[in-house]
Structures are given as C-alpha cells and as structure tokens.
Amino acid sequence: MGVFRSLIFLLSFQLLHVAKGSMVQLNKNGYEDLVVAINPQVPENANVILNTMNMIKNASNYLFQTTKHRFFLKSVKIIIPKTWKKNTNYARLKTESYDKADVIIADHYMKHVDDPYTLHYGGCKEKGQYIHFTPNFLLNDNLTNVYGEKGRVFVHEWAHYRWGVFNEYSSDVPFYMSRNSKEASVEATSCPAGVTGIPVFQDCSGDKCELRRCRNGDQLYEKGCIFIPDIQQKMTCSVMDLQCISSVFEFCDKNTHNSEAPNMQNKICNHKSTWEVIMESDDFRNSAVVNASVPPSETTFRLLQAQDRAVALVLDVSGSMLMHDRIGHLRRAAEVFLLHIIEIGSWAGIVTFSTDASEEAPLQQITNGAARQKLVQCLPITASGQTNICAGVRKGLKVIEDKMNTTYGSEIVLLTDGEDSRIAACFDLVKQSGARVHTISLGPSAAKELEEFSKLTGGLKLYAVDGDVHIKLTEAFSAITSGKGDISKQSIQLESKELAVQPSGWMNTTVPVDKTVGNDTFFSTSWNLSQPFFFLRDPNGKEYGSSDFTINNSNLNTARLSISGTAEVGDWQFCIKNVHTATQAISVTALSRPAYSDVPPVSAAAHMNRAKRAFNPIVVYAEVSQGFLPVLGATVIATIEKDGAATVTLELLDNGAGADTMKNDGIYSRYFTSLQSSGRYRLKVNVQGRKTTTRLSLRQNRALYIPGYRENGKIYMNAPRPKFADKKIQVELGSFSRISTSSFVVNTGGDSAPIYPPCKITDLHARIENKTIVLSWTAPGGDLDNGKADHYIIKSSENLLDLRNHFDHATSVNSSNLIPKEAGTEESFKIKPENFIIENGTILYFAIRAVDDTNLISEVSNIARATWFIPPKASVPLDYHGNNDGANSTVIAAIVAVCIVVVCTIVSSTLCVLQKKKRELDFEKMQNCV
C-alpha cells in the first residue's frame, strides 16, 4: 500500500455532444470566464489562491506579448472547495463546476510529481480537456528553476489547451542527426534549430551527482544523455520549447520553425509551426491586433465556493410513458439513483409533469438510508396526459428555490420521451437560473430541442433506448454524479450487463472488486418475465441466495443486495438461471464507492467528438485513470446504439495509431464509421483490467522539466527528476471493471452516410539495419481504422518538406508484394539497399498512403527519417566533479582543464608562458565540446 496510497467528402454534420464544455469566451481579444477549480482534497491555504492569481496575471501579459498583441486573459473564476472555510468574499456557484473547469489544482497522488500538463484527447488544432497544476507547483518557488516562471508555464499550457499545439522538445528523442550545414551533425531537439548548450550525462547516487561528457551510442549519444541549454540565447522563440529562457517571447513561426526536429508538434501537426496552427484557429480569425504595448485591461477574478449539492428530478409522466413500460423503467432507474448514486449529504426533490407539473417530494437532505427510502416512495407509478416540459422545469426550479432560497449552483435532471413545441419558451429562464440541467432523452421521439437545456447550462446530455429491462436508463442515471471533484464519495459503476437468456440457460457474470473500491457495494438483477434462480458468490466462497436479496412490492422485477462494510477484494460470481418457459431479458448491475478517502479509485470516462481532421470523422474516446495517472493495458470495449439501427461494438486502443493521438496516455480511441443517419446515439464503454496487464503512467503532454542550464561557462544542475517519473509506474491494481456512458446527437444535414478512406498512418518509423532500411507502422483500415486497406503507396525523398508537399512526385518504393494486414496490426517492410546509397551522414525520408478497394486514398502519413551517422569521437573528455546540496536543488559544476604539470628543476620564463597558453586552449576546447 506504500505507492498505492501516496470529400474529400465534406461531412456536414454537427456534433452536439462535446467531450468537455469549457465556458471560456473570447471577447474583444480577451478571454472571459476562465474557470480554475481547486480540488476538495487540497488543504486550505490562502497562498494557493494568491499565487494562482499572480500566475494568471503574469500569464496574461506574457500571452499578449507572445501572440503579437492579440490575446490576453480578461476574467477568471476560481472555485473554492466546500471543505474550505466560508468567506464573505466568496460568491455562490452558478453553472460553473469542478468537472467543467479549464484549470484544475490538485495533487498527482504521487510524491515529487509536479509537472504541469494539459490533458488532451484529440489531435492538432483540437482543444484539450483541462490544464493541471499541483499545489506544490504554485507554492514552491524553487520549482521556478525547474519549469521556469509560472506565468510563462501557464502560457505554454494554454497553447496546448486552447489551440491544440504540442511540445517542440522531446524527452524521448532529445537529440537527432541534422544536415542543416554541409556536414551531418548531432543537434538538440528544439525549435528553432541551433539552440546552444551542451550534452552531458549525469551519474547520480543518492543525493550526489557527477557530470561527464556523453559517450557515443548507437549513431547518436548514449541513452540518458541530456541537453543543458545556455541560459542566454540569441533567439526569441519558442514558447513550446524553452519558455523558461528569458529571451523567449514568441512562438516558432513558418520562418523559424525547425521541421526536422523529432518532436510531437511536427509529428501531430504535419511539420507545421505552432504559430501557423494558432493562426488557423477560430480565435485568431475572430480577433485583431491591439494597438498597445500592454493588455487593454488587467485580469479580474471572482472567488466562488461550492455548496451542498441540490438536485430536482423532473420526470415525464405523460401518456407516451406507458409505451414499452417506460414509466416502470423510469421508476426502477430513478430508485437506483436515489438509493445508490446520489451522494450522502445531498439534497433531492421530485417533480412530475405531463399536461401540468406537480411536486411529488420537496427538496430534502439525504442523511441516511431512511431518507433515501422516503424519496423512493414518491416516485411515479402511473402516466397520462400531454407533454409540457416547461411546466416541469419551472416547478423543478421552484422546488429548489423554496428550500435553498436560490437556484444558483443547483441541478435539474430532466427526463422526457415526448415532443413539445413550446420548449423554447423557458430557455431564457433556465439560462438565468444559474442551475445546471442534465437531460435524459428516452426513446426515439424525445424533443429534438431538449439538449439545448444542457448546452445553455453546462449539463450532461444523456440518451437511453427502449429495452426489455431498465438497465439502459439506469446507466444514464449512473452518469449523473457530483461534479464537485470529491471522487471519494462518488458512486462507481462496476458492471452493467443485459442478455436474452433462453429457457434453462445460465447468465454467469464475474464482477471484480478491486482495492480502490468496496464501500456501499450493491448488486442487483432484473428480469422482464418471471424471477430466475440466482446466487452471488464472494471471493472467499460465501454464497448469497435469493433469500438474501430484497424484492420490493413496488418493483417485483428486481432483486437487490447491499454488502455491509467494505466488500471483499477479488472476483464476485453472479450466477443466474432462467427457469421460465420462454426466453427473457436478464440484467446485472453492480455499483460501489471508493474504499479510501486518500486513494483515488480507478475511473473511466466515455466521450465522443468530431475530429478536426480530413472527413470530420467521429471519434470514440475512453479515459481510464487512477486519480490523475493514466491506466495502461486495459481492455476497453465501446458499444454504440441508436433507435432503429444495429448496435455497433468497437475495441478502443491506446496504441498511438488511427484515431489514437498518443500511445500509452490512458486515452483509448477509435473512429466510429457506422454513422447511419441523423439523431441521438448512445455510447457505453466497458473497461476491464487484469492484474497481469494494467499499470500506471504519467501524463505526456507536460511542461519541460529543465535538468539544468549553462551560464558564463558554468553548468548549474537542478535536482534530478525522480527515477519513476519517466517510466511506467508498476502498481498492483488487481482486476477491475468499470462502466461509463455518454451520448451525442448528429445532424447529417440530409446527406447519406459517409464513405471513409483508410485513416492516416501516424506512427511510421524508419531505421537502417545492416545497410537495409526497415519501415514499421500500424496498419490502417479500409474505412479509417476499421477493416483492411487494399494496398500501400510508399515514397521517399532526401527533402522532408518536398515529401510532405509533393508526395506524388517523390521517388516511389516498390511495395507490390506488400499485402496490408487488418487494422491495428503491426506492419514491417524492408527496402533493399540497391535503391539507395547508405553512407555516413545519410538522411532519407519516407511516407505512406493507404488505398482501399474503392481507390479512396488516405492522407499522407507522418514522415519518418532513416539516418546513418557515426559521430566523431571527442578528443578531449569532459571531467566533472560536483555535489548536490539538496536544499536548493542545484549544483554548480566547473568544467576545468586537465593539465600536465611539468616539474623541472629549472623553469625558464619562456616555458611558463607556453604552458599557460596550453591550459587556456584546453579549457576553451572542453567548454565548447558538444
């Protein structure tokens, strides 16, 4: 528990669901309503607020400078946790929430990890999810030596978050072979090219570190060699590389961009400079240069504090709810929400509506199980009348205001299956209420405008198709957890499964309970015809039969069992036999809460979004994490449903190919190519992890950890990065299972379903082995990353940009014998040396396009470089002796010459002068050794 605790087809559809609804608006060059949220587990410290404000103020000035007097940060809201003391300076939240914040301040849950980073699902030009800072980053001024001035770091991350640009340094490939000059040389991965500094190797034992010159490795330097930049640079860019250098106040543009550097910006943004990408953004198009040397106004701040959660269930009981037993499914799903999902201490009330609206239960606090049961008794059981959505919304807001004296910061769960032409009449009311509205569309005929409530208020947009049992509606309710950041109290769905079981058939389900969950664990099974035979067996072999389960008279088709205390860790076996004479639908649901307040649970979040790339495809995402650490090696299955359409199942991958932007970042992705027509689509993600396959990692899209710098010939080293920080973190998670649901709306504009080409190959690699060039990549599909391509077109060039811009005119590589494999499979292809001259200093570039069986062609792949270079051996070694004082995390290394002291009995004045000059020459040679 030690670590554990610590086309091109122009697809004209609109995707109404977005992965995360930022409230930031650009108004007259200023970004307004940026939301910063402090995690509830951060100890109260006024300096966290003060330092955050100072960081953003400085960032606004630096942003204005780096964007050539175009953008600044105008207004910011900071969400103070409910756990902090109340203050008259803190206003009440409206629709702002922790889970929709642009910036999150929270611990990593791993000691000594303070990397600022931006969580980013998509590719180039796509916005991120949030920016993350630790409290220690804000409070510890010594970290300025490691990351640079805090305002500059903020701008670095803002560029990731807002404009979808990427790092121009590379921790994985810190050096590369360049041929900018006539002769090949080893250069640091940077933008622009020519950043001055020195490569060194740091040998550390405990707190003591020594530097030496890097040795030659396989063509480049040995593994572990790091680049120490000069603190004084002549160039003024780039923010996405060395924002810590005082002379840097620009992004790399078309003229200064280093297209050769093997960094993520070149790989993901097709070798475009960061400024070119920014210039293509909506922000840039909707702004103009400000004729001033400083921002037009200073950043203003509002401090908001979270309050008790207040939720009104506003439920449709019109006559159409009798169809498909929707009213029965509503009651059973809402019962699960009230009994097992909404958090203790929350306030809840119930409103029903049809032709008019009625208050079924006033807002009341959930303090114990009896309070939950009292609310359940008020759930509707009958349905009749017409659909008057606005009547329900008005009544829901009134129920909240009657108790809380305001609707600010409250929530409405609005469920309906019907249409209502008058729905727009209450849009303004909802917008002014300060309440978030989560919408649940049930069935195919729910009002098309329903999601507008969620769009206006930042609420969730959910959708459930009709079924034989209530499980799909229960999954929608399960997604409506508190958005206040305290995940230690939130309900987590472990399993949700439905099968049509034949007579005398069995439905056997394994539900793993891992170490991170186990409190308030709840199992249930439901059926649509008659009660089956069933039992539940815990990891120790103890069995719970039907007599141990509870079946309520108001819900005779569901049996429930709550496990007292903390559930045993391990596999729970749920065995169910259909004893009815006909096939019937049987479902299993399992919910739990975190086992510890200081150990974050494994969690999953499902999203769908339209990608800003060719053909505007829809991408399915699942983020799997423990706290803020990505979980790797999980099996992730996405199920997509739509009324009247066949169910689609996809395995989501974290392989850095196809729809997946970065490998091993805990974001599992896949293209959705089975778009049928306009309407609502429902997404369900099932995440499974086995103890032998899952592990943790760190976020990749992070600010550079500067190992040190050189100033006036002296090297100043920062404290070494923690050893685990650049490696996968091995943590025994045990087996786990998670369910996450979401939904999205597509309007195809009347066009037919799109036909997709193979997706762009994004992980092409090239290397030279025994004078043979070896290419490797992940196979695309015939339709994006699904199916299989028909053949490949491979081209080569000695000029990178020529290959990018004029692929068709580049030198062809014979690949007629290469037959594409299934999407997601590793491909490898060897190129015979007679086609190329390979000698010391060789640099060759390769790119691929895939073609499907209808001759649709993919975009040009990322450009891979094959190099052959043997650097010259250094004639003068670097000798270094230093120490690490541990207090201020720096060591001062003086690079001294090794001199031969000639001791003579008689020293002439001429010999003394010659030896003095020799020492100066040797010292100068070693200082400039690269």
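Residues numbered from 1 in each chain as written. Predicted model: local features only at pLDDT ≥ 70, side-chain atom pairs only at ≥ 80, totals over all residues. Heavy atoms only, no water.

### Description of the overall build of the chain
When its secondary structure is counted, the chain shows 17 helices and 50 strands. Evaluated residue by residue, the chain yields a buried proportion of 58% over its 930 residues. Just so you have it, the chain exposes about 38400 Å², and 49% of that area is on carbon and sulfur atoms. (Helix = DSSP H or I, 4+ residues; strand = E, 2+ residues; numbered from the N terminus. Buried < 20%, exposed > 50% of the residue type's maximum accessible area, 1.4 Å probe, protein only. Areas by Shrake-Rupley, 256 points an atom, 1.4 Å probe, with all protein chains shown as cover.)

### Side note on the state of the cysteines
Within this structure, the stated rule accounts for four disulfides. Free cysteine Cys237: the closest other cysteine sulfur is in Cys252, separated by 3.8 Å. (Disulfide = S-S within 2.5 Å.)

### Details of a nonpolar patch on the surface
Taken together, the side chains of Trp506, Phe533 and Val579 present a nonpolar region at the surface, about 310 Å² in accessible area. Relative to the elements of secondary structure, Phe533 occurs in strand β26 (residues 533-537). (Patch = residues over 30% accessible without salt bridge, like charges linked within 9 Å, V, L, I, M, F, W, Y side chains within 5 Å. Salt bridge = Lys/Arg side-chain N within 4 Å of Asp/Glu carboxyl O.)

### Considerations on the environment of Asn89
Along the chain, Asn89 turns up in the loop between β6 (75-80) and β7 (91-92). When the C-alpha atoms of Asn89 and Gln305 are compared, they prove to be 9.5 Å apart, with 216 residues separating the residues in sequence.

### Concerning unusual backbone geometry
Between Cys191 and Pro192 the backbone carries a cis peptide bond, its omega angle lying at 5°. Counting through the fold element by element, Pro192 comes out in the loop between β12 (185-188) and β13 (197-205). In the segment running from Cys237 into Ser238, the intervening peptide bond is cis, with an omega of 25°. One non-glycine residue with positive phi stands out, namely His271, at about 65°. With respect to the element layout, His271 can be found in the loop between α7 (264-268) and α8 (274-279).

### Section: the nonpolar core
The biggest cluster of nonpolar side chains holds 81 residues, and the ones touching the most others in it are Phe154 and Trp158. Dropping the residues within four chain positions of it, Trp158 is found in contact with Val24, Tyr31, Leu34, Leu63, Leu73, Ile131 and Trp163. (Core = buried A, V, L, I, M, F, W, Y, C linked by side-chain atoms within 4.5 Å. Contact = heavy atoms within 4.5 Å.)

### So, the packing of aromatic side chains
By the definition in use, this model includes 32 aromatic pairs. Seen in terms of ring centroids, Tyr121 and Tyr621 are 5.3 Å apart; in terms of plane orientation they differ by 40°. Their pairing is tilted. Pair noted here: Tyr121 is in the loop between β9 (117-119) and β10 (130-133) and Tyr621 is in strand β33 (residues 618-626), with a separation of 500 residues, a long-range link. When the centroid spacing of 5.0 Å and the interplanar angle of 80° are considered together, the rings of Phe534 and Phe549 count as edge-to-face. In this pair, Phe534 sits in strand β26 while Phe549 sits in the loop between β27 (543-545) and β28 (550-552), placing the two residues 15 residues apart along the sequence. Accessibility expressed as a relative area gives 2% for Phe534, which makes it buried. With a relative accessible area of 7%, Phe549 lands in the buried category. Looking at Arg70, its charged tip hangs above the ring of Phe284, at a distance of 3.7 Å from the centre. (Phe/Tyr/Trp six-rings, centres within 6.5 Å; stacked < 30°, edge-to-face > 60°. Lys NZ or Arg CZ within 6 Å of the ring centre and 35° of its normal.)

### Some thoughts on the pattern of salt bridges
Enumeration according to the criterion identifies 37 salt bridges in this entry. In this structure, the salt-bridge partner of Asp283 is Arg162, at a minimum N-O distance of 2.8 Å. Within this pair, whereas Asp283 is found in helix α9 (residues 282-285), its partner Arg162 is found in helix α5 (residues 150-163), the two being separated by 121 residues in sequence. Pair check on accessibility: Asp283 and Arg162 agree, each one buried. Asp808 is the partner of Arg849 in a salt bridge, and the nearest nitrogen-oxygen pair spans 4.0 Å. Of the two residues, Arg849 is situated in strand β48 (residues 842-851) and Asp808 in the loop between α16 (800-805) and β46 (811-813); the sequence distance between them amounts to 41 residues. Residue Asp808 is classed as exposed on the basis of its relative accessible area of 57%. Shared partners join several salt bridges into a network, and the residues in it are Lys472, Glu475, Glu641, Arg682 and Lys684.

### Here we look at the packing of helix α2 (residues 46-66) against α5
The packing of two helices is summarised by the inter-axis angle and the distance between the axes. Remark: α2 packs on α5, axes separated minimally by 8 Å, with the N-to-C direction vectors making an angle of 65°. With respect to their mutual orientation, α2 and α5 come out roughly perpendicular. α5 is crossed by α2, and the crossing has right-handed handedness. Here Met55, Ile56, Asn58, Ala59, Tyr62, Leu63 and Thr66 of α2 come into contact with α5, specifically with Lys150, Gly151, Arg152, Phe154, Val155, Trp158 and Trp163. (Axes fitted to C-alpha atoms, helices over the stretch in contact; angles between N-to-C directions. Parallel < 35°, antiparallel > 145°, perpendicular 65-115°, else oblique. Left-handed = near helix turned anticlockwise from the far one by under 90°.)

### Digging into the sheet that holds strand β14 (residues 208-213)
Judged by pairing direction, the sheet is antiparallel, and its three strands sit side by side in the order β14-β13-β15 without closing on themselves. Since the sheet does not close on itself, it has two edges, and those belong to β14 and β15 (226-229), each with one partner. Direction aside, neighbouring strands of the sheet carry axes that sit 50° apart on average. Note: β13 against β15, four bridges, orientation antiparallel. Each bridged residue has a counterpart across the sheet, and for Val200 the counterpart in β15 is Ile226. (Pairing = 2+ DSSP bridges.)

### Topic: the sheet that holds strand β44 (residues 772-778)
With respect to topology, three strands assemble into an open sheet ordered β43-β44-β47, the strand pairing being antiparallel. Edge positions in the open sheet fall to β43 (765-769) and β47 (826-831), since each of these has one partner strand only. Taking each pair of neighbouring strands and ignoring which way they run, the sheet shows an average axis angle of 20°.

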